[in-house]
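Chains, contacts and geometry: an overview
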Amino acid sequence: MLFRSRHARAAAPDIPPAPRDMATVAVGATKYGSLAEAVAGAKPGDTIAISGAHTGQQLAIPATHKGLVVLGTGGASITVAQGPAVQCGAAGVKISGVALAAADSAGACVTVERGGALALDSCEVRNTAGDGVQALGECSLASCKVLECGAYGVVALDGGLVRTAGTTIALNTKTGALARGKGARIVLGEGTTVEKNKM
């Protein structure tokens, strides 16, 4: 006669661990399936937390989403083949800790529209075919790297302003920094390195 212990436990099912680089995006406790859904679900001033690789998804922030914060963790990246990886039309936006990459010869990896203001902190920006950053509005870069772009590293256009601090702009096909058009300004602040650009 067989006796079964009352304390015997059923074998745990084999559940594979989640991949370390699994892409996630959330606003507070609410998780979303894409960057676009997260922006649509966010309110001005909210924080969008992203991790892992987001490929083929643009982060487009409309003018209505002032003060939005995008916080990258766990190797967060945004990579697109067409158009900018980030398009910012809102004021007071901050993106921190995200690697941004594009392959768009017609534009830039990061664009800031007129009236927009974007602060990049501890981000890496690459565009194999075009510019790294283009600003018709205001863009500040702190502790960032703008590398290996197919055209210019950072560009201020027609009244736009780009400010840098502790940032490296290097290995770009054209000059590292360019101000073009009336009122366009670039301010290379303390700790900024512009080197090994090809023009």
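Owing to the predicted nature of the structure, the values given are computational and were not obtained by experimental measurement. (Residues numbered from 1 in each chain as written. Predicted model: local features only at pLDDT ≥ 70, side-chain atom pairs only at ≥ 80, totals over all residues. Heavy atoms only, no water.)

**What to know about the pairing of strand E7 (residues 93-96)**
As a reminder of what qualifies: Strands are treated as partners if at least two bridges between them are detected by DSSP. Strands are runs of DSSP state E lasting at least 2 residues, helices are runs of H or I lasting at least 4, and numbering of each runs from the N terminus.
Bridge count between strand E5 (residues 69-79) and E7: 3 bridges; the pairing is parallel. Each bridged residue has a counterpart across the sheet, and for Val70 the counterpart in E7 is Ile95. Bridging between E7 and strand E10 (residues 117-121) involves 4 bridges; their strand directions are parallel. Along E10, the bridge assignment pairs Ser96 with Asp121.

**Some points on the pairing of strand E9 (residues 108-112)**
Quick reminder of the rule: Relative accessibility decides the category of a residue: with a 1.4 Å probe and only protein chains considered, values under 20% of the type maximum give buried, values over 50% give exposed, and everything between is partly exposed.
Counting buried residues along E9, 5 of its 5 residues qualify, which places the element largely inside the surrounding structure. Relative to E9, strand E6 (residues 86-88) is paired through 3 bridges, and the arrangement is parallel. Looking at the pairing, Cys88 lines up with Val112 of E9. Bridge analysis of E9 against strand E12 (residues 131-135) gives 4 bridges, and the strand direction is parallel. Paired with Val110 across the two strands is Val133, which belongs to E12.

**Side note on the sheet that holds strand E18 (residues 177-180)**
Counted only if it meets this: Angular values range over 0 to 180 degrees, each being the angle between N-to-C directions of two axes fitted as lines to C-alpha atoms, with helices fitted over their stretch in contact.
If you trace the 6 strands from one edge of the open sheet to the other, you get E4-E6-E9-E12-E15-E18, paired in parallel fashion. The open sheet has two free edges, formed respectively by strand E4 (59-61) and E18, since each of these has just one partner strand. The sheet shows a mean angle of 10° between the axes of neighbouring strands, direction not considered.

**Structural notes on the pattern of salt bridges**
Which entries qualify depends on this criterion: Should a side-chain nitrogen of Lys or Arg be within 4 Å of a carboxyl oxygen of Asp or Glu, the pair is scored as a salt bridge.
The tally for this structure, following the rule as stated, stands at 2 salt bridges. Across the pair Arg126 and Glu124 runs a salt bridge, and its minimum N-O distance is 2.8 Å. On the basis of relative accessibility, which here comes to 25%, the residue Arg126 falls in the partly exposed class. Here Arg126 and Glu148 are joined by a salt bridge, their closest N and O atoms 2.3 Å apart. Residue Arg126 is located in strand E11 (residues 124-127), and its partner Glu148 is located in the loop between strand E14 (145-147) and strand E15 (154-157); the two are separated by 22 residues in the primary sequence.

**Overview of the environment of His54**
Rules: In what follows, residue pairs with any heavy atoms lying within 4.5 Å of each other are defined as contacts.
For His54, the location among the structural elements is in strand E3 (residues 47-55). When the C-alpha atoms of His54 and Ala85 are compared, they prove to be 9.9 Å apart, with 31 residues separating the residues in sequence. Not counting chain neighbours up to four residues away, the residues in contact with His54 comprise Ala23, Thr24, Val25, Leu35, Ser77, Ile78 and Thr79.

Without other data, these values stay purely geometric and don't point to any function.
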